[in-house]
Amino acid sequence: MISPTELQAAVQKAQPIFEKIQRFYQKLPSTACNCEKPGSCCAFLPEMTLMEALQWFQVMHQTPETERVKLLRKFVEFYLTNPIRHMGCPFLSKGHCGIYEFRTFACRAYGLWSDKMGQARTQESRDGKQILVEMWQRYGIDMKPDKIVAEMDYCDQVTCQSGANITDEQLMVILEEIYLLDQALADLQTKFENEYYSDFSYLMASLALGTKKAVLGKFAVIKQLCQEGTDSRLSNLLAQIKLDRIFPAD
Ligand code: SF4
């Protein structure tokens, strides 16, 4: 598993790489969102690379402590309750992105993919969620279809402000370049992908509560939400979050 000390050290090593990621981000055209519900596409956490996750960790570390506690609580709650609670990305606040400068490639590219590619990626994500539902069923938890947070259709309301469109192939090249930056911390990348499924909320919950408590707690929380519709187990776990387990230097 990944320890807080390992993360802190990785953030230090990654400083020059963060600058490179920003340069890759600049290759994407700036966009305008024309829908009437800004932020509705932020229902889930975006896919991210290790370096992008480290950027988020750094932003959290630099956030004032009272806000950081709230943010950490949101990430743990997101982990414990998805896919049946409509929380949205923990950085989403009143329709605005709270980590705009460091939002991931996935966030930046959303709406830039062709309809065909965007719809295929949406379908892939829906299929992944269906597999999770079946997994929960094997553990005796029946998630009713109306309880599951639905993946919205791929948005066609995003336009390039510069007017210059970008192709799927060009987006894939940039994504590949960003992904390759993880090789500088290959061991940590393997852990992040294989042990945390590249899920930042799982990483935060695991650090805040301990991995065993986070995983077993999620099972108990989802079971109670599905079967009783109550959330006392969730409240109990959220009350056990310890900020100093993650940010001991503060
Ligand atoms: S990081 Fe920002 S843009 Fe990306 S899903 Fe979260 S709130 Fe939305």
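These figures come from a predicted structure and were not determined experimentally.

Q: Help me understand helix H9 (residues 200–209), please; the structure alone is not making it clear to me.
A: Residues that lie three or four places apart on an α-helix share one face, since the helix turns once every 3.6 residues. In terms of burial, H9 is a largely internal element, 10 of the 10 residues being buried. All of the buried residues along H9 are Phe200, Ser201, Tyr202, Leu203, Met204, Ala205, Ser206, Leu207, Ala208 and Leu209. Positive backbone phi, approximately 95 degrees, marks Gly210, located one or two places after H9.

Q: How do you make sense of the site of the ligand when you look at a structure like this?
A: Around the ligand, the structure places Cys42, Pro46, Trp56, Cys89, Phe91, Leu92, Cys97, Ile99 and Cys107. For the shell around the ligand, the class distribution of residues is nine nonpolar, no polar and no charged.

Q: Which parts of the structure should I look at to understand the packing of H9 against helix H10 (residues 211–227)?
A: How two helices pack is summed up by the angle between their axes together with the distance between the axes. Taken N-terminus to C-terminus, the directions of H9 and H10 make an angle of 115 degrees; their axes are 6 Å apart at the nearest point. Here H9 runs over H10; the crossing is right-handed. For the pair H9 and H10, the contacting residues are Tyr202, Ala205, Ser206 and Leu209 in the first and Thr211, Lys213, Ala214 and Val215 in the second. For the contact of H9 with H10, the residue count by class is five nonpolar, two polar and one charged.

Q: Could you clarify how one ought to interpret the packing of helix H3 (residues 50–62) against helix H4 (residues 65–81) in this entry?
A: Two elements in contact, H3 and H4, have axes separated by 9 Å at closest approach and are oriented at 140 degrees. As judged from the angle between their axes, H3 and H4 are oblique. Contact with H3, carried on its side by Trp56, Met60 and His61, involves Arg68, Leu71, Leu72 and Phe75 of H4 and no other residues of that element. Across the contact of H3 with H4, the residue classes tally to five nonpolar, one polar and one charged.

Q: Looking at this structure, how should I read the environment of Arg108?
A: Within the fold, Arg108 resides in helix H5 (residues 105–109). Overall, Arg108 belongs to the buried group, its relative accessible area being 10%. Distance in space between the C-alpha atoms of Arg108 and Val149 is 22 Å, their sequence separation being 41 residues. Setting aside chain neighbours within four positions, we find Arg108 in contact with Gln22, Tyr25, Leu28, Tyr100, Glu101, Phe102 and Arg103.

The rules behind these values
Residues numbered from 1 in each chain as written. Predicted model: local features only at pLDDT ≥ 70, side-chain atom pairs only at ≥ 80, totals over all residues. Heavy atoms only, no water. Buried < 20%, exposed > 50% of the residue type's maximum accessible area, 1.4 Å probe, protein only. Helix = DSSP H or I, 4+ residues; strand = E, 2+ residues; numbered from the N terminus. Near = heavy atom within 4 Å. Nonpolar A, V, L, I, M, F, W, Y, C, P; charged D, E, K, R; others polar. Axes fitted to C-alpha atoms, helices over the stretch in contact; angles between N-to-C directions. Left-handed = near helix turned anticlockwise from the far one by under 90°. Contact = heavy atoms within 4.5 Å. Parallel < 35°, antiparallel > 145°, perpendicular 65-115°, else oblique.

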